[in-house]
Amino acid sequence: MSSKVRQPRQEMPKQQPDVRSKNFQEVALGYTEELAVAEANRCIQCPKKPCVSGCPVGVDIPEFIDLIAKGDFLGAARKIKEKNSLPAMCGRVCPQETQCEAVCTLGKRGEPVAIGALERFCADYERMHGDPLSDAQRSDGSSGRVAVVGSGPAGLTCASELAKLGYKVVLFESLHDTGGVLRYGIPEFRLPKAIVDEEVEYIKSQGVEIRLNVLVGATVTVDELFQEGFDAIFLGTGAGLPYFLGIPGENLNGVYSANEFLTRVNLMKAYRFPDYDTPVWVGKRVAVVGGGNVAMDSARTALRLGAEKVTVVYRRSRAEMPARLEEIENAEEEGIEFYLLANPVRILSDDKGWVKGMECVRMELGEEDSSGRRRPVPVPGSEFILDVDTVISAVGTDPNPLLVRTIPGLDLGRRGNVIIDEETGMTNIPGVFAGGDIVTGSATVIAAMGAGKAAAHGIDKYISARNGRGM
Amino acid sequence: MYRILKKEMLAPKIKLIQVYAPEICTHARPGQFVILRMHEKGERIPLTIADSDRDTGLLTLVFQEVGKSTTELGMLSEGDSILDIVGPLGTARDIEKLDCVVCVAGGVGVAPMYPEAKAYHLLGTRVISLIGAQTKDMLIFKDRMEKVSDEVYYSTDDGSFGHKGFVTEILCKLLEDGLRPDEVIAIGPLPMMRAAARVTERFGVKTVVSLNAIMVDGTGMCGSCRVTVDGEVKFSCVEGPAFDGHKVDFDELIARQNRFLAEEKLALERYLAGVGGCKCHQK
């Protein structure tokens, strides 16, 4: 056992920073078979399996790792998919360091097993060497009919899980393509869209029907869905409403919300303009305001679009940045600069209404606030001007109000989030369930998936009880 | 896929298309819009609904060819298909019976004005329509607007039809002569809507404008279409497109409409070089 602990964690190969900062191809290249087996062999197969309870969807982690160690890569992929329908995505964008890997027994005395990298390896191996659709059970739809609204991580998972339980699921998406934030938010270089497509194909092969370009609440109402014969409805409409900075100059030309900037580039493929029709404009010097993954994605995207200098402006210090450490490091390696403990005060305009600079104030950390982080406080008289022509605001999003406000009587929280029964996922309206960012506010892909899965089981119980089937 | 069932040339560069979109038609109300995307590489193009028929499911859209995407849309013929249409989007106008409304419409803005004028007309409201265009050939929806209006006044920039000058000059004259409508609705180019709002403000007449800000998703997700109204930032895709014309910061919005001018020019030139230009006027 001790010899296993001393084995170093296998690094995943990546594109070199100077190369990758000029292209939109995936940064992390994935394990080879040899690296995967070597990493799998580091797992000590401890009896307590803390990693499983650290996973919001309860993947049988030691089992799939054991299958990798034995060289049964396809078997390992199938093992993961018993619990997680979207392994290629989770392996890439889950914050394993705060979940399964955070509680790994090896982590107590050294580095934890690279569970995320191994999960990704299995999914990629199956895609290249196996038939990822072969184990999909096509639902016969006999259990009932469910409408799932929103095809992001919560909706996709809920739909997949309900299909496994024998439901006829119709998945409604207001955009012209599936995936929600996986499609419009997370860039190609971190999550190739071909992978989103393939995982959506898997869910379709389970019998889930996808209807694009339907804004539930406008194109069809929730009442009409019930009238059409749906037994239950799941709301997974996410946290798509961007905050702005609330400072003078935020409507100048050259100021984007991260949502606009990333949607143009990712969903609309503006990085391939003019071959694709949607434009995006990025100047020479870009400031990205915020410290989360979306800020890192925006900064690295701006760099790839040709910005000469990209600076992340964040009001606390590096230690408080909510972005994954891996993404902060990737950004640093690519040459993104960080202006920490600074906050924008106003954006300056040229005489034609375009950004010509951003005035910031230095911050220092004061007392702890309700989030347990030290509150940043402006240092009087420390204002300075950042010489930028583009500002991207990545300071967070709120739950999307568009659908929920069309449902009379639906209980909402202070920030427009939908209130649910923690156990069943049901809202105060019978038959209407919700999960993911629309409930929690902006969180992670895997948390939304966990909520989608839990709601699927809540929906199953609800419909079974109503139909008088055994519980 | 939405097959184009009917196409009409209303004026040079202004075209009408009709598609079968029953779900949208069932729910559409005056003032709402749709977003369409022609093909895999296409932009999401917001277009205000010019008419929607619940019984037949026929959705009517009118657009002016300005950039690459609208020019390409104008090249489609009956029988061709549009890949995606989503809607109805935006907040519908609450239309109730009033004594009198004045509809000020400019250019292609007459098309989105039509459902509002019609709705008022059907409620028995006296509708006075002021329709402006660059020149006589560019006047559209003349018959339709006349059918739902009690009075119609025309203006053209060159004097080829009706009053020579701006449509807002007619508005000013009517108000000076003592007309006090319950509401003025202005739909058209931003400078026209700004001018209309300035005129009515002097007379304290409520004025609603319909903004055509640049959008991406059209569902409140990106904030591209944000506009300052009464000092507050609003998303015109969700909270609009109709706003109190006296409170809109038009200067800011006009500047924002130029955000992608260089890219739009490049895309159009590249497209026209590729297809050899639009051929429909050569017939």
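As a further point, take the interface of chain B and chain A. Many structure descriptions define interface size as the accessible area lost when the parts assemble. Taken together, the contact between chain B and chain A spans 43 residues of the former and 42 residues of the latter. Interface of chain B and chain A: buried area, both sides summed, is about 3,700 Å²; carbon and sulfur atoms make up 54% of it. Here Asp-275 of chain A and Lys-41 of chain B are joined by a salt bridge, their closest N and O atoms 3.1 Å apart. Where chain B meets chain A, there are 22 residue pairs in polar contact (both at pLDDT 80 or more). Elements represented by at least two residues in the side of chain B that touches chain A include exactly helix 1 (22–27), helix 2 (68–75), strand 7 (84–89), strand 14 (226–229), strand 15 (232–235), helix 7 (250–256) and helix 8 (261–275) of chain B. It is strand 7 of chain B that contributes the most residues to the side of chain B that touches chain A, six residues altogether.

All right, on to the pattern of salt bridges then. All names here are of chain A. With the rule as written, the count across this model stands at 59 salt bridges over all chains. The salt bridge involving Glu-333 is made with Arg-20; its shortest N-O contact spans 2.9 Å. One end of the pair, Glu-333, is in helix 15 (residues 325–333); the other, Arg-20, is in helix 2 (residues 17–20), with 313 residues separating them in the sequence. Look at Glu-333 and you get partly exposed, because its relative accessible area is 41%. Look at Arg-20 and you get buried, because its relative accessible area is 0%.

This paragraph deals with the packing of aromatic side chains. Aromatic ring pairs: the centre-centre distance and the angle between the two ring planes describe each pair. All names here are of chain A. Overall, the coordinates contain 13 aromatic pairs over all chains when judged by the stated rule. Where Phe-24 meets Phe-189, the ring centres are 6.3 Å apart and the plane angle is 50 degrees; that geometry is what we call tilted. Placement of the pair is Phe-24 in the loop between helix 2 and helix 3 (33–40) and Phe-189 in the loop between helix 10 (181–184) and helix 11 (193–205), with a sequence separation of 165 residues. Taking the relative accessible area as the measure of exposure, Phe-24 reaches 11% and is therefore buried. Residue class for Phe-189 comes out buried when judged on its relative accessible area of 1%. Taking 5.4 Å as the distance between ring centres and 55 degrees as the angle between the ring planes, the aromatic pair formed by Tyr-256 and Phe-261 counts as tilted. Of the two residues, Tyr-256 and Phe-261, both sit in the buried class. Members of the aromatic cluster, connected to one another through ring pairs, are Phe-24, Phe-189 and Tyr-271. Over the ring of Phe-230 we find Arg-145, and its NZ or CZ is 4.3 Å from the ring centre. Sitting above the plane of the Phe-384 ring, Arg-362 keeps its charged end 4.5 Å from the centroid.

This part covers the sheet that holds strand 3 (residues 209–211) of chain A. The strands that make up a sheet are held in pairs by hydrogen bonds between backbone atoms, and each pair lies either parallel or antiparallel. Residue and element names in this part refer to chain A. Strand order across the open sheet formed by five strands is 3-2-1-4-16, with parallel pairing between neighbours. Among the strands making up the open sheet, the edge pair consists of strand 3 and strand 16 (432–434). Pairwise comparison of adjacent strand axes, ignoring direction, gives a mean angle of 20 degrees for this sheet. Note that strand 1 (residues 144–149) and strand 2 (residues 167–172) share six bridges and pair parallel. Paired with Val-146 across the two strands is Val-169, which belongs to strand 2. Each of strand 1, strand 2 and strand 4 (232–235) is contacted by helix 9 (residues 153–164), which is oriented at about 165 degrees to strand 2, the strand it contacts most.

Our next topic: the environment of Ile-233 of chain A. As for its position among the elements, Ile-233 of chain A is in strand 4. Each residue touching Ile-233 of chain A, except ones within four places of it in the same chain, is listed here: Ala-147, Val-149, Val-222, Leu-225, Phe-226, Gly-431, Val-432 and Phe-433 of chain A.

Before going further, it helps to spend a moment on the domain arrangement of chain B. Residues and elements named next belong to chain B. Under the domain assignment used here, chain B contains domain 1 (2–89) and domain 2 (100–210). One C-alpha centre belongs to domain 1, the other to domain 2, and the line joining them spans 24 Å. Each partner contributes residues to the interface: domain 1 has 14 residues there, and domain 2 has 14 residues. Counting across the domain 1 and domain 2 interface gives one salt bridge. With its nearest N and O atoms 3.1 Å apart, the salt bridge here joins Asp-51 to Lys-118. Linking domain 1 with domain 2 are one residue pair in polar contact (both at pLDDT 80 or more), by the criterion used here. Among the elements of the structure, strand 1 (2–11), strand 2 (14–20), strand 4 (45–53) and strand 5 (58–64) are those that each provide at least two residues to the side of domain 1 that touches domain 2. With four residues, the top contributor of residues to the side of domain 1 that touches domain 2 is strand 4.

So, how was this worked out
- Residues numbered from 1 in each chain as written.
- Chains lettered and ligands numbered in written order.
- Predicted model: local features only at pLDDT ≥ 70, side-chain atom pairs only at ≥ 80, totals over all residues.
- Heavy atoms only, no water.
- Contact = heavy atoms within 4.5 Å.
- Buried area = accessible area lost by both parts, 1.4 Å probe.
- Salt bridge = Lys/Arg side-chain N within 4 Å of Asp/Glu carboxyl O.
- Polar contact = N/O pair within 3.5 Å; in protein donor to acceptor, adjacent residues only side chain to side chain.
- Helix = DSSP H or I, 4+ residues; strand = E, 2+ residues; numbered from the N terminus.
- Buried < 20%, exposed > 50% of the residue type's maximum accessible area, 1.4 Å probe, protein only.
- Phe/Tyr/Trp six-rings, centres within 6.5 Å; stacked < 30°, edge-to-face > 60°.
- Lys NZ or Arg CZ within 6 Å of the ring centre and 35° of its normal.
- Pairing = 2+ DSSP bridges.
- Axes fitted to C-alpha atoms, helices over the stretch in contact; angles between N-to-C directions.
- Domains from an automatic or database assignment.

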